[in-house]
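Structural overview
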Amino acid sequence: MKETVKMILKRGAVSFALSAIIGLLVNLIVDLIVNSAGNTGFISMPPEARALFPTPAIAAYVNVLLYGAIGATFAMMTFLFEIDRLGFLIQSILYFILTAMVLAAITVFLWQLHRHPQALIPTLAGYAVTYFIMFITQYRELKKNIREINRDLMSAEG
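The model shown is predicted, which means the values in this text are computed figures rather than measured ones.

What counts and how
- Counting restarts for each chain, with residues numbered from 1 along the sequence as it is written.
- Totals for whole chains, interfaces and linings use all residues, but because this is a predicted model, local features are given only for residues with pLDDT of at least 70 and pairs of side-chain atoms are given and counted only at 80 or more.
- Each side-chain value is worked out from all heavy atoms of the structure, with water and hydrogens disregarded.
- We call a set of buried residues a nonpolar core when its members are Ala, Val, Leu, Ile, Met, Phe, Trp, Tyr or Cys and they connect through side-chain atoms within 4.5 Å of each other.
- The buried label goes to any residue with under 20% of its type's maximum accessible area, the exposed label to any with over 50%, and the partly exposed label to all in between, with areas taken from a 1.4 Å probe on protein chains only.
- Helix numbering and strand numbering both begin at the N terminus, where a helix is a DSSP run of H or I of at least 4 residues and a strand a DSSP run of E of at least 2.
- Centres within 6.5 Å make a pair out of two Phe, Tyr or Trp rings, where for Trp the six-membered ring is used; the pair is then stacked when the planes are under 30 degrees apart, edge-to-face when over 60, and tilted otherwise.
- Here, a salt bridge means any side-chain nitrogen of Lys or Arg that lies within 4 Å of a carboxyl oxygen of Asp or Glu.

Bringing the nonpolar core into the picture now. Counting residues in each nonpolar core, the largest one holds 12 residues, listed as Leu66, Ile70, Met77, Leu80, Phe88, Tyr95, Ala100, Leu103, Ile106, Tyr127, Tyr131 and Phe135. Elements supplying a minimum of two residues to this core: helix H3 (56–76), helix H4 (88–110) and helix H5 (120–157).

It is worth spelling out the packing of aromatic side chains at this point. One pass over the full model with this rule turns up 8 aromatic pairs. A connected cluster of aromatic rings, assembled from ring pairs, spans Phe74, Phe81, Phe88, Tyr95, Phe96, Tyr131, Phe135 and Tyr139.

Another aspect to go through is the pattern of salt bridges. This model, assessed by the stated rule, comprises 4 salt bridges. Among the salt bridges present, the one from Arg151 reaches Asp152, with a minimum N-O distance of 3.6 Å. When its relative accessible area of 46% is taken as the criterion, Asp152 is described as partly exposed.

Function cannot be inferred from these measures alone, as they are strictly geometric.
Shown next as structure tokens:
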């Protein structure tokens, strides 16, 4: 159990760092492009979200930390796929629900979706479509692995 918790925390830490760094780089690139095109002072956050903080820099730091939190959550919740008693479909549904709750909470805060409720449905729909694609990919990989295991077992027996 202790090793499992260590593994989950390690996954979370690595994913947090990667997500935060990638989020920072993407924001930096977008900000550089938009600012170089003449829109000086642009920061890739809604003004309502920036207004929650004393300075735009702190708002940007929090934005990057939230990117990290999303990545960490997605990585840490993969432990669900290691619970043998749960079937793949149940694991996938639980993963979807738990990660969607975190994603929705952060995006409501980060992109101020509560002020723009018309954007909530497309945001959640985008996540659902993305997750559906991931689910199909995982399912196909799982079927392939099962076929290979069965083939190896058959050749070992025969």
